Amino acid sequence: MADLSVEVAGLRFRNPVLPAAGPPGRTGRALVRCAEGGAGGLVAKTISVTAARPPIPNIAEISHGMVNSELWSELPPERWFEREYPLAKTAGLPLIVSLGYSADDIAELAPRARPFADALELSTHYIGEDAGPMVEAIHAAKAAVDVPVFVKLSPLGREMARAAELAQAAGADGIVAINSFGPVLAIDPTNGRPRLGGPEGVGWLSGPSLRPLALRCVRDVARAVDLPIIGVGGVSHGSDAIEMLMAGASAVGVCTAAMLRGPAIFGKIAAEMGAWLDAHGYGSPNEVRGLALRSASDFWETGTPVVVTDACNGCDLCEPSCPYEAITVVDGLAVIDYEHCERCGLCLTRCHRGAIEWVAPGPGAGTAVTQPA
Ligand SMILES: Cc1cc2nc3c(=O)[nH]c(=O)nc-3n(C[C@H](O)[C@H](O)[C@H](O)COP(=O)(O)O)c2cc1C
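Conventions adopted
- Residues numbered from 1 in each chain as written.
- Predicted model: local features only at pLDDT ≥ 70, side-chain atom pairs only at ≥ 80, totals over all residues.
- Heavy atoms only, no water.
- Near = heavy atom within 4 Å.
- Polar contact = N/O pair within 3.5 Å; in protein donor to acceptor, adjacent residues only side chain to side chain.
- Areas by Shrake-Rupley, 256 points an atom, 1.4 Å probe, with all protein chains shown as cover.
- Helix = DSSP H or I, 4+ residues; strand = E, 2+ residues; numbered from the N terminus.
- Axes fitted to C-alpha atoms, helices over the stretch in contact; angles between N-to-C directions.
- Parallel < 35°, antiparallel > 145°, perpendicular 65-115°, else oblique.
- Left-handed = near helix turned anticlockwise from the far one by under 90°.
- Contact = heavy atoms within 4.5 Å.
- Nonpolar A, V, L, I, M, F, W, Y, C, P; charged D, E, K, R; others polar.
- Pairing = 2+ DSSP bridges.
- Patch = residues over 30% accessible without salt bridge, like charges linked within 9 Å, V, L, I, M, F, W, Y side chains within 5 Å.
- Salt bridge = Lys/Arg side-chain N within 4 Å of Asp/Glu carboxyl O.
- Buried < 20%, exposed > 50% of the residue type's maximum accessible area, 1.4 Å probe, protein only.
- Core = buried A, V, L, I, M, F, W, Y, C linked by side-chain atoms within 4.5 Å.

Undergrad: I'd like a description of the site of the ligand, backed by residues and values.
TA: Within the structure, the ligand sits among 25 residues, and Ala21, Thr46, Lys152, Gly234 and Thr256 are positioned closest to it. Taking Ala21, its main chain carries an N or O atom lying 2.6 Å from an oxygen atom of the ligand. Starting from 600 Å² of accessible surface for the ligand in isolation, the protein chains cover 98%. The set of elements that each furnish at least two residues to the shell around the ligand consists of β6 (65-68) and α8 (256-261).

Below, the structure written as structure tokens:
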């Protein structure tokens, strides 16, 4: 059985699945429930110097994800120091305290959070895309506390690597990537109104639709800096978490899936990770960390899609979705017309039975090669 425990910036988690800052850790009691649900460690909802007053409504489920215009905690910081953090500590797991936003805010909050914090996480969500305020916030945190300081990056187009480099240079001990993406708009078709209240009705996207963006950002950060990464964005299953590790993360954060399915999801994802590692012959999460960084960065498939006749059941998912009309299901079996097949690869991912595979011509079958210049 794989040993799921991981060490991240000196914190030892019993498994790599943590709540991401947000509603799963909105109170001390909620954090205890995350621990009971099997989380490897705890991350509390972001607090700031005042209680947040978010627009109403501020959370909506949409297809393949969620939009929200929640802000930081609606509880004042005193309440966290007096009641919520002490309660969270009774769970006996490492606690990451999330703080926002400016250097002045961090300088005020960090020393008061320190008695409860095994690490700090600094949210950069509302301080703009310029790195200056982030760097100042890191300096303020490092001057105030002796525990590891993580910086949580919001998705920044192509600039993730640069932001991570600046965070590392400023003294950050780890990166959390990514926060939700936006601003985005969801509309209620029954009345034509935005689903979220507040200015313009815009919010932030999270959940499964965020996952490919999160994976790319985590990989960019992992390539750029030598810091541990907590990968966040659309993790709902053990295999999602494994992909995050492959992109370079040491642990994962889960918010939307825990909101929709409850805190038992942490233990479920961890168990699924363990089963995956066992099935694939790995002894620990660290053994898969960064696998996607080692694969060719510029790869080009030489093979051809071929139907595995034993596996094909003629279900007809592939035929209508082939952009080149190159697949026809004949007598319960998919048949590929190679005159028209352009080898785009969609059918391999469309088939849920693994009944279409790349078969490379000649010796070296099945290998991918670097794209010719
Ligand atoms: C309703 C809601 C509230 C959130 N609040 C916070 C927060 O207080 N601090 C923070 O850093 N991120 C916050 N996030 C972002 C999540 O921590 C996470 O980065 C993002 O949702 C992507 O992960 P997911 O797809 O697992 O939800 C929030 C997300 C949601 C959906």
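Structure's up, so let's keep going.
Undergrad: How would you sum up the packing of helix α4 (residues 132-144) against helix α5 (residues 160-169)? Please name residues and give values.
TA: Axes are the key here: two packed helices are described by the angle between their axes and the distance separating the axes. Running from N to C, α4 and α5 cross one another at 30°; their axes reach a closest spacing of 9 Å. When the axis of α4 is compared with that of α5, the two are roughly parallel. The handedness of the crossing between α4 and α5 is right-handed. When α4 is examined against α5, the residues Met134, Val135 and Ile138 are found in contact with a partner set consisting of Ala163, Leu166 and Ala167. For the contact of α4 with α5, the residue count by class is six nonpolar, no polar and no charged.

Undergrad: Can you tell me about the sheet that holds strand β16 (residues 251-254), naming the residues and giving the values?
TA: Pairing within the open sheet is parallel, and its eight strands lie in the order β3-β16-β15-β10-β9-β8-β7-β4. Since the sheet does not close on itself, it has two edges, and those belong to β3 (17-19) and β4 (42-43), each with one partner. Two elements, β3 and β16, share three bridges in a ladder whose sense is parallel. Within β16, the position partnered with Val17 by the bridge is Val252.

Undergrad: Describe the sheet that holds strand β5 (residues 59-62), listing the residues and the values that go with them.
TA: The strand order β5-β6-β14-β11 describes an open sheet built from four strands, whose pairing is antiparallel. Looking at which strands have only one partner, the edges of the open sheet turn out to be β5 and β11 (181-185). Each neighbouring strand pair of the sheet contributes to a mean axis angle of 40°, computed without reference to strand direction.

Undergrad: Go over a nonpolar patch on the surface, please, and point to the residues and values.
TA: Together, Leu185, Ile187 and Val202 make up a nonpolar patch on the protein surface, roughly 250 Å² of accessible area in all. When you line up the elements, Leu185 lands in strand β11.

Undergrad: How would you summarise the environment of Leu122 if you had to cite specific residues and measurements?
TA: Along the chain, Leu122 falls in strand β8 (residues 119-123). Looking at Leu122, the relative accessible area reads 3%, which means it is buried. Taking the C-alpha atoms as reference points, Leu122 and Ile47, separated by 75 residues in sequence, lie 9.9 Å from one another. Setting aside its immediate chain neighbours within four residues, Leu122 contacts Leu99, Ile106, Ala137, Ile138, Ala141, Val149, Phe150, Val151 and Lys152.

Undergrad: Describe in detail the nonpolar core, supporting the description with residues and values.
TA: Residues Tyr85, Leu95, Leu99, Leu120, Met134, Leu153 and Ile175 are the most contacted members of the largest nonpolar core, which totals 83 residues. Setting aside its immediate chain neighbours within four residues, Leu153 contacts Thr124, Met134, Met160, Ala163, Ala164, Ile175, Val176, Ala177, Ile178, Asn179 and Val221.

Undergrad: Outline helix α7 (residues 238-246), supporting the account with residue identities and numerical values.
TA: Across the nine residues that make up α7, a large majority, seven, are buried. Those residues of α7 that sit buried are Gly238, Asp240, Ala241, Ile242, Met244, Leu245 and Met246. Looking at the buried side of α7, the elements it contacts are α6 (211-224), β15 (229-232), β16, α9 (264-279) and α10 (291-294). Downstream of α7 by a residue or two, Gly248 has a phi angle that is positive, lying close to 125°.

Undergrad: Quick one: what's the story with unusual backbone geometry, residue by residue and with numbers?
TA: With omega at 5°, the peptide bond leading from Gly100 into Tyr101 counts as cis. Looking at the secondary structure, you find Tyr101 in the loop between β7 (95-99) and α3 (103-113). Along the chain, Gly182 connects to Pro183 via a cis peptide bond; the corresponding omega equals 5°. With respect to the secondary-structure elements, Pro183 resides in strand β11. Of note in the backbone geometry, Glu200 takes a positive phi value of approximately 65° without being a glycine. Structurally, Glu200 is set in the loop between β13 (193-194) and β14 (202-206). Non-glycine residue Asp331 carries a positive phi angle of around 50°. Along the chain, Asp331 falls in the loop between β19 (327-330) and β20 (333-336).

The analysis is restricted to geometry; functional conclusions fall outside its scope.
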